[in-house]
Protein chains: 4
Amino acid sequence: MSSNIGRAFKVQIFGESHGKMVGVTIDGMPAGIPIDEEWLNAFVQRRAAKGSAIATARRESDIPRIVSGVNEKGRSTGYPITAVFENSDTHSSDYSFLPDRPRPGHADYPAITRSMGEDDLRGSGHHSGRLTLPHVFAGGVAMLLLKQIGVDIAAHILQVGNVKDAPVDPVEPDMDALHQCHTREVPALDAAVGDRMMQTILDAKARLDSVGGIVEVVAAGLPAGIGAPYFDGAEAAIAQQLFSIPAVKGVEFGAGFGCAAMPGSEYNDPYYVEDGEIRTERNAAGGLLGGISNGMPVIARCAFRPTASIAKEQQTVSLSAAAVGDDAEVTLIVHGRHDPCVAIRAVPVVEAAVAIALADLYLQG
Amino acid sequence: MSSNIGRAFKVQIFGESHGKMVGVTIDGMPAGIPIDEEWLNAFVQRRAAKGSAIATARRESDIPRIVSGVNEKGRSTGYPITAVFENSDTHSSDYSFLPDRPRPGHADYPAITRSMGEDDLRGSGHHSGRLTLPHVFAGGVAMLLLKQIGVDIAAHILQVGNVKDAPVDPVEPDMDALHQCHTREVPALDAAVGDRMMQTILDAKARLDSVGGIVEVVAAGLPAGIGAPYFDGAEAAIAQQLFSIPAVKGVEFGAGFGCAAMPGSEYNDPYYVEDGEIRTERNAAGGLLGGISNGMPVIARCAFRPTASIAKEQQTVSLSAAAVGDDAEVTLIVHGRHDPCVAIRAVPVVEAAVAIALADLYLQG
Amino acid sequence: MSSNIGRAFKVQIFGESHGKMVGVTIDGMPAGIPIDEEWLNAFVQRRAAKGSAIATARRESDIPRIVSGVNEKGRSTGYPITAVFENSDTHSSDYSFLPDRPRPGHADYPAITRSMGEDDLRGSGHHSGRLTLPHVFAGGVAMLLLKQIGVDIAAHILQVGNVKDAPVDPVEPDMDALHQCHTREVPALDAAVGDRMMQTILDAKARLDSVGGIVEVVAAGLPAGIGAPYFDGAEAAIAQQLFSIPAVKGVEFGAGFGCAAMPGSEYNDPYYVEDGEIRTERNAAGGLLGGISNGMPVIARCAFRPTASIAKEQQTVSLSAAAVGDDAEVTLIVHGRHDPCVAIRAVPVVEAAVAIALADLYLQG
Amino acid sequence: MSSNIGRAFKVQIFGESHGKMVGVTIDGMPAGIPIDEEWLNAFVQRRAAKGSAIATARRESDIPRIVSGVNEKGRSTGYPITAVFENSDTHSSDYSFLPDRPRPGHADYPAITRSMGEDDLRGSGHHSGRLTLPHVFAGGVAMLLLKQIGVDIAAHILQVGNVKDAPVDPVEPDMDALHQCHTREVPALDAAVGDRMMQTILDAKARLDSVGGIVEVVAAGLPAGIGAPYFDGAEAAIAQQLFSIPAVKGVEFGAGFGCAAMPGSEYNDPYYVEDGEIRTERNAAGGLLGGISNGMPVIARCAFRPTASIAKEQQTVSLSAAAVGDDAEVTLIVHGRHDPCVAIRAVPVVEAAVAIALADLYLQG
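Residues numbered from 1 in each chain as written. Chains lettered and ligands numbered in written order. Predicted model: local features only at pLDDT ≥ 70, side-chain atom pairs only at ≥ 80, totals over all residues. Heavy atoms only, no water.

1. So, the confidence of the model for chain A
Stated precisely, the cut-off is as follows: pLDDT measures how confident the predictor is about each residue, on a scale from 0 to 100.
For chain A, per-residue confidence averages 93 on the pLDDT scale, and residues scoring 70 or more make up 96% of the total. Across the interface, the model reports ipTM at 0.96; the global pTM reads 0.96.

Right under this line is the structure:
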């Protein structure tokens with residue numbers, strides 16, 4: 001078990017939901033890169049619950065405290081960058097059903113099995129979505145590095161329940177539109193679609209239920225030649241990052257699962273030259289061929305399962321009863337404070353995950 | 001760039017398509033595990049082109065030569081296991097269009113950019129599907145380890161073009177049926193579907209074209225509690241392995257992308273106890289919750305793009321012409337020897353990839 | 001560049017001497033191990049400057065704040081353990097000679113060259129001996145793990161200048177005596193020798209100079225069979241840890257450099273059986289044969305160069321003058337606050353380093 | 001347990017002494033570096049037993065077969081370089097005393113304990129000095145990389161028994177003299193000293209005994225700024241590599257253990273400028289300050305214990321007798337084929353080890 005990742009841009013997260021702090025150390029950031037703390041704060045805030053009707057009621061200031069790795073000039077020292085986030089607004093009593101009655105659809109049962117009960121499971125402990133906070137921060141630092149080579153990363157919410165936003169243009173994605181939609185409560189490209197997504201989420205909440213979603217992300221400006229075949233392939237690295245986000249259950253690039261039904265003559269993307277640059281016409285490959293960038297926009301989508309913690313009564317088992325062979329079937333109503341659709345607040349986490357993967361590949365050369 | 005992967009069960013592949021050998025070193029196999037070479041040979045042979053009308057005409061014996069790590073008793077020594085495969089049937093002249101005219105849809109262009117022309121690109125060099133041979137071997141060794149704890153892994157071809165096989169039962173997958181279908185040329189569960197897939201592939205070949213596909217894989221018998229949250233999550237680890245296979249463009253677990261449209265009350269899977277074992281009713285999560293196994297079958301699907309090398313004339317550019325600003329647009333007809341649907345022979349590679357990921361997580365404890 | 005180490009017991013340190021915090025994340029500690037915070041505090045305090053005439057005048061409380069990885073029962077959760085230490089007593093003005101006039105014998109010049117001036121060099125930044133504080137903490141956690149299998153680690157100061165303590169008995173080291181000597185200001189086994197070492201250090205200080213030393217460390221109770229051949233050999237792992245401590249310039253095991261002059265018949269250590277245990281008679285190998293423990297006490301020694309920062313006038317160069325070809329030779333008097341003999345306070349750091357290496361090997365199995 | 005090392009220049013060795021092959025994969029070599037196979041062969045041959053009276057009688061051709069990673073232009077492809085060495089001249093019957101009667105001073109007993117008897121112990125299996133063959137090859141490849149930046153590495157035998165060669169000049173080492181002494185059977189700088197060392201070894205052999213030694217190595221031409229503080233320090237990295245060589249029991253840099261008795265004013269090395277280059281006067285630090293190169297020659301020494309396998313009768317135990325509580329003390333005479341002084345043939349291994357460590361640090365930037 002490791003809560004770290006990366007060969008060159010190495011990210012180590014730590015903390016439990018109801019512990020003293022969560023945080024992250026980034027080891028391998030080159031020296032001399034401007035660390036714009038104001039921008040980093042704003043990026044991290046995009047993940048925060050902002051009092052919206054569709055977000056958890058938990059309130060944390062979530063201001064990163066950078067404690068190492070940045071010099072007096074506001075640039076990276078080349079040594080580990082660590083940021084910590086104090087936990088304050090914790091309601092541990094909400095989790096009194098644990099560790100005996102695991103939530104369906106949640107990591108409770110396998111986590112308890114794994115650690116033989118030593119987890120600090122309040123608020124899901126180290127499994128909590130709160131750990132996406134240091135994850136996002138690390139992604140923000142990766143973006144500051146990638147900005148130096150002209151890479152711009154942005155995501156939007158593509159689907160909530162059965163409501164679908166328009167996908168980005170794979171050849172000429174409108175990055176401005178992507179960035180602008182982040183100011184909305186539901187960051188869909190089409191504001192009207194966002195409103196319908198909002199209604200879908202409110203409906204789910206009203207039914208004491210939750211709903212899934214899909215996030216689409218674009219990395220524009222990545223030069224050709226970043227990545228590698230096989231295990232360090234860009235698809236492999238980005239997917240490992242995306243599946244690290246709690247609740248992600250599917251990842252695809254470019255035409256993705258749709259490519260199964262395509263002939264090669266349609267999927268293969270003819271090259272041409274424009275203004276001295278080699279480009280392709282359709283970008284069905286999502287900017288990545290055999291693990292390496294081809295200079296076209298990198299396009300990925302990831303599916304989020306519905307929030308596991310719902311207020312509706314569910315069937316579960318009492319682990320203690322099961323252990324001694326007693327009748328173990330019990331019901332459970334989860335109170336706590338939970339977003340009814342985790343995909344919404346996950347949008348910047350998806351951007352962060354892609355940024356970390358690309359920063360690591362870029363630094364490996 | 002690294003052609004290795006794993007924290008505890010470490011796999012290092014090496015070789016180029018038209019070099020002297022491809023091979024693999026597995027570092028971290030525990031001592032004393034029976035290494036059934038006959039079974040390993042048979043497993044590796046499943047990946048081979050067997051003279052089928054739908055497979056490459058390249059013929060290699062593909063018998064693994066195990067040169068280290070197995071003792072006189074036929075058991076692992078605990079030290080690195082290395083297997084090598086001689087290359088013999090190479091037709092380098094088929095690749096005379098490289099490095100100047102990169103194939104659309106293929107890694108040629110980004111690979112050349114990445115290595116500044118130092119790749120040995122004949123037969124795609126280190127990018128070649130031939131490297132899936134040591135990958136499969138390593139997966140076979142991982143399976144020998146996992147067999148010790150009762151894990152059984154098998155895959156089938158779920159889709160070719162628009163022809164679809166029935167998905168496995170997520171709660172009670174028929175492992176025998178999965179294993180039995182491997183004797184067929186197209187390993188679909190439903191033999192009639194397999195025949196239609198075969199026809200789809202032959203049609204594509206006749207049109208000098210290729211076609212994509214989807215492979216579905218099951219790991220049954222994995223105990224609850226294997227995996228970890230975040231970066232070492234089972235979904236992340238399996239996905240990294242699956243996307244390492246050339247041509248994979250999408251990966252999903254359980255309900256996968258379908259979960260976006262599901263309410264939590266449907267996706268969440270009630271627990272119950274049967275014969276003293278904790279089980280779930282629907283397994284929408286594909287056996288993995290928050291990165292950790294819950295004791296239900298692990299179910300994943302991965303999408304393969306159509307084969308990039310097709311005999312149809314395609315549009316590409318002359319890199320040398322582009323470099324000096326000349327008119328660079330040229331056409332290309334790829335001869336060589338290529339499967340029209342890489343998904344077919346990829347079935348054991350998918351099994352191998354899942355086995356390596358699970359062996360690594362299992363050994364990490 | 002990485003400030004992390006370890007394959008199974010992974011240690012990531014962070015912080016700069018004059019930054020906000022130094023700290024450490026330990027990833028890979030098994031779940032359920034008692035974390036005795038009181039003992040950890042006491043262990044970390046052994047490294048602290050205690051107002052002694054021979055220690056730096058810098059005063060920090062140096063109480064570890066454990067922010068993650070320990071559950072309500074006071075046991076490890078199995079997830080990352082992070083401890084942070086606030087920096088408070090910093091006198092940055094003492095370092096006004098940097099970055100232009102590097103101290104002889106110190107990392108200033110290579111560090112500036114390495115990071116092209118982006119280090120935070122006040123107090124030596126990330127190079128500072130202050131980073132041994134999280135290093136010691138991590139070692140304390142490693143000791144808590146090793147205690148579970150009966151390993152006891154203790155060191156003493158073997159030499160300061162030309163004053164030498166008696167080496168430990170390699171076959172039956174007196175662990176109690178080693179632990180007891182830690183209460184003295186100079187932790188020599190022979191108190192009278194310690195007094196002479198103290199005088200040697202005070203004399204050096206009076207001359208505005210510094211002095212080197214040797215620390216000897218014992219790990220008793222390590223079972224046979226821990227370690228591996230080659231790169232994960234115990235000697236390799238312990239040496240990597242010991243040379244990570246700033247100022248260490250030599251490491252040897254058992255008879256060490258003395259083995260060059262020994263015949264095999266004297267160095268080789270006959271086995272015998274005592275009370276059912278296999279033991280050796282002389283332990284010239286220092287408990288390690290070919291990278292693996294043989295059940296005898298592990299014995300290592302490491303040499304510390306004299307403190308580089310001395311108040312005596314020294315010759316150095318002005319890097320800015322050198323860069324433009326001007327006459328660059330200048331003199332330097334370092335004020336700051338520095339121990340005249342770093343080996344004294346390094347005694348618990350040496351113990352910590354050995355503990356981390358052994359914990360990592362032990363967990364790798 | 002891992003038989004691999006390195007973060008950027010990654011070396012994976014494999015093989016057992018009496019298995020089919022030993023070999024190595026180097027992952028991370030940049031593309032486009034000339035791979036001079038003739039020079040590599042010659043370098044590897046320096047390690048071979050050449051029919052000398054003081055070397056093992058085992059004869060292997062030891063010609064590396066490079067099977068991947070080198071393109072048609074004789075340059076690195078950037079993908080893994082693998083070299084294999086067939087084993088042929090194996091006399092397994094010489095090891096009939098194993099696994100029951102472990103050799104004193106040898107890894108037999110801890111190795112058997114570690115792997116619970118699954119090792120292939122003939123010829124010491126994976127613990128064998130034969131594994132230094134792929135180690136040397138990897139070092140040769142590292143040297144080809146380092147040559148690109150002007151680094152030159154050479155070692156000599158400094159001590160055998162009580163016979164001592166002159167140490168190199170730490171400020172202006174005579175690299176030509178070092179290279180030239182490699183043509184001698186005993187590579188001492190002073191040929192007469194070499195003759196006396198030879199006599200010492202022959203005397204030991206005549207007494208059915210063995211003798212230890214010390215090797216001194218220099219890396220000249222390394223630019224300032226290579227390395228890092230702490231765990232990736234150059235001293236730590238080089239020491240890990242050197243202690244990976246079987247039989248090494250001590251490592252020191254520059255003044256080494258002698259620094260304990262030195263005052264800082266003598267150890268600290270004044271900087272001056274000569275021909276625009278920053279240099280130091282004495283190089284007591286051995287070219288490394290706080291883990292980073294300062295531009296002066298890197299100087300290290302390592303101590304080799306005497307060969308463990310001697311023909312003299314020795315006391316050991318029968319493990320099977322000990323296991324059941326019987327009288328276990330037995331005697332052992334080792335026949336086999338063994339060098340009486342492993343330090344002699346280790347000279348190129350020491351050079352290789354230093355090269356690998358420096359190549360890894362250099363590539364990490």
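Once you've had a look at it, read on.
2. A word on the pattern of salt bridges
The following threshold applies: Take a side-chain nitrogen of Lys or Arg and a carboxyl oxygen of Asp or Glu: if they are within 4 Å of each other, that pair is a salt bridge. Numbered from the N terminus, helices here are DSSP runs of H or I no shorter than four residues, and strands are runs of E no shorter than two. The buried label goes to any residue with under 20% of its type's maximum accessible area, the exposed label to any with over 50%, and the partly exposed label to all in between, with areas taken from a 1.4 Å probe on protein chains only.
Enumeration according to the criterion identifies 62 salt bridges over all chains in this entry. B:Glu351 is the salt-bridge partner of B:Arg46, the closest N and O atoms lying 2.8 Å from each other. In this pair, B:Arg46 sits in the loop between α1 (37–45) and β4 (65–68) while B:Glu351 sits in helix α10 (residues 347–364), placing the two residues 305 residues apart along the sequence. The class for B:Glu351 is buried, based on a relative accessible area of 1%. Here B:Arg279 ties to B:Glu172 by a salt bridge, and the two come within 3.4 Å at their closest N and O atoms. With B:Arg279 in strand β11 (residues 277–280) and B:Glu172 in the loop between β7 (163–164) and α4 (175–181), the pair connects residues that are 107 residues apart, well separated along the chain. For B:Arg279, a relative accessible area of 14% corresponds to the buried category. Connected through salt bridges with shared partners, the residues A:Arg47, A:Asp62 and A:Arg130 form a single ionic network.

3. Notes on the relation of the copies chain C and chain D
Two copies of one chain are present, and they are related through a rotation about an axis combined with an axial shift. For clarity, the cut-off: The least-squares superposition of copies is restricted to C-alpha atoms, and to residues with a pLDDT of at least 70 in both copies. Here a residue-residue contact requires only that any non-hydrogen atoms of the pair lie within 4.5 Å.
Rotating chain C by 180 degrees and translating it 0.0 Å along the rotation axis places it on chain D, where the RMSD comes to 0.0 Å. In the structure described here, the two chain copies are related by an operation that fits a two-fold rotation axis. When the interface residues of chain C are mapped onto chain D, 100% of them again fall at the interface, so both copies present the same face.

4. Points about unusual backbone geometry
Phi is mostly negative for residues that are not glycine, and the peptide bonds are mostly trans. Note that the residue after A:Leu98, namely A:Pro99, is joined by a cis bond; omega there is 0 degrees. By the element assignment, A:Pro99 lies in the loop between β5 (81–86) and α2 (108–115). In the Ramachandran plot, B:Leu208 falls in the positive-phi region, its phi being about 60 degrees despite a non-glycine side chain. Within the fold, B:Leu208 resides in the loop between α5 (191–206) and β8 (213–220). One non-glycine residue with positive phi stands out, namely D:Tyr230, at about 60 degrees. Mapped onto the elements, D:Tyr230 comes out in the loop between β8 (213–220) and α6 (234–244).

5. Quick word on the packing of aromatic side chains
Residues and elements named next belong to chain D. Just so we agree on the cut-off: Stacked, edge-to-face and tilted are the three classes for Phe, Tyr and Trp ring pairs, Trp counted by its six-membered ring, which pair at centre distances within 6.5 Å; planes under 30 degrees apart are stacked, over 60 edge-to-face, the rest tilted.
In this structure the tally under the stated criterion is 22 aromatic pairs over all chains. Here the aromatic rings of Trp39 and Phe43 are separated by 5.3 Å at their centres, their planes lie at 5 degrees, and the arrangement is stacked. Placement of the pair is Trp39 and Phe43 together in helix α1 (residues 37–45), with a separation of 4 residues, close to one helical turn. Given a relative accessible area of 24%, Trp39 falls into the partly exposed group. We classify Phe43 as buried; its relative accessible area is 4%.

6. So, the packing of helix α1 (residues 37–45) of chain A against helix α3 (residues 132–147) of chain A
Residues and elements named next belong to chain A. What counts, and what does not: Each axis is a line fitted through C-alpha atoms, and for a helix only the stretch in contact is used; angles between axes span 0 to 180 degrees, taken between their N-to-C directions. Every angle not falling under 35 degrees, over 145, or within 65 to 115 is termed oblique; those three ranges are roughly parallel, roughly antiparallel and roughly perpendicular. The handedness criterion is simple: a crossing whose near helix is rotated anticlockwise from the far helix by less than a right angle is left-handed, and one whose near helix is rotated clockwise is right-handed. Gly is put with the polar residues, along with every residue not named as nonpolar or charged; the nonpolar set is Ala, Val, Leu, Ile, Met, Phe, Trp, Tyr, Cys and Pro, and the charged set is Asp, Glu, Lys and Arg.
α3 packs onto α1 with a crossing angle of 135 degrees between their chain directions and a minimal axis gap of 9 Å. One way to sum up the angle between α1 and α3 is to call them oblique. As α1 packs across α3, the resulting crossing turns out to be right-handed. Taken together, the residues of α3 that come into contact with α1 (itself represented by Trp39, Leu40, Phe43 and Val44) are Leu133, Val136, Phe137, Gly139, Gly140, Val141, Met143, Leu144 and Lys147. When the residues that make up the contact of α1 with α3 are grouped by side-chain class, the tally is 10 nonpolar, 2 polar and 1 charged.

7. Considering the sheet that holds β8(B)
Defined as follows: Here, a strand pair is defined by DSSP locating no fewer than two bridges between the strands.
Judged by pairing direction, the sheet is antiparallel, and its 10 strands sit side by side in the order β7(A)-β6(A)-β8(A)-β14(A)-β9(A)-β9(B)-β14(B)-β8(B)-β6(B)-β7(B) without closing on themselves. Unpaired on one side and paired on the other, β7 (163–164) of chain A together with β7 of chain B mark the two borders of the sheet. Looking at chain direction, strand β9 (residues 248–253) of chain B and strand β14 (residues 298–304) of chain B are connected through 5 bridges and run antiparallel. Residue pairing across strands places B:Val248 opposite B:Phe304, the latter belonging to β14(B). Set on the sheet, helix α6 (residues 234–244) of chain A makes contact with β9 (248–253) and β14 (298–304) of chain A together with β9 of chain B; between it and β9(A) the angle comes to about 155 degrees.

8. Here's the deal with the environment of B:Tyr95
In this fold, B:Tyr95 is placed in the loop between β5 (81–86) and α2 (108–115). Apart from the residues within four sequence positions on either side, B:Tyr95 is in contact with B:His18, B:Arg103, B:Arg122, B:Gly123 and B:His338.

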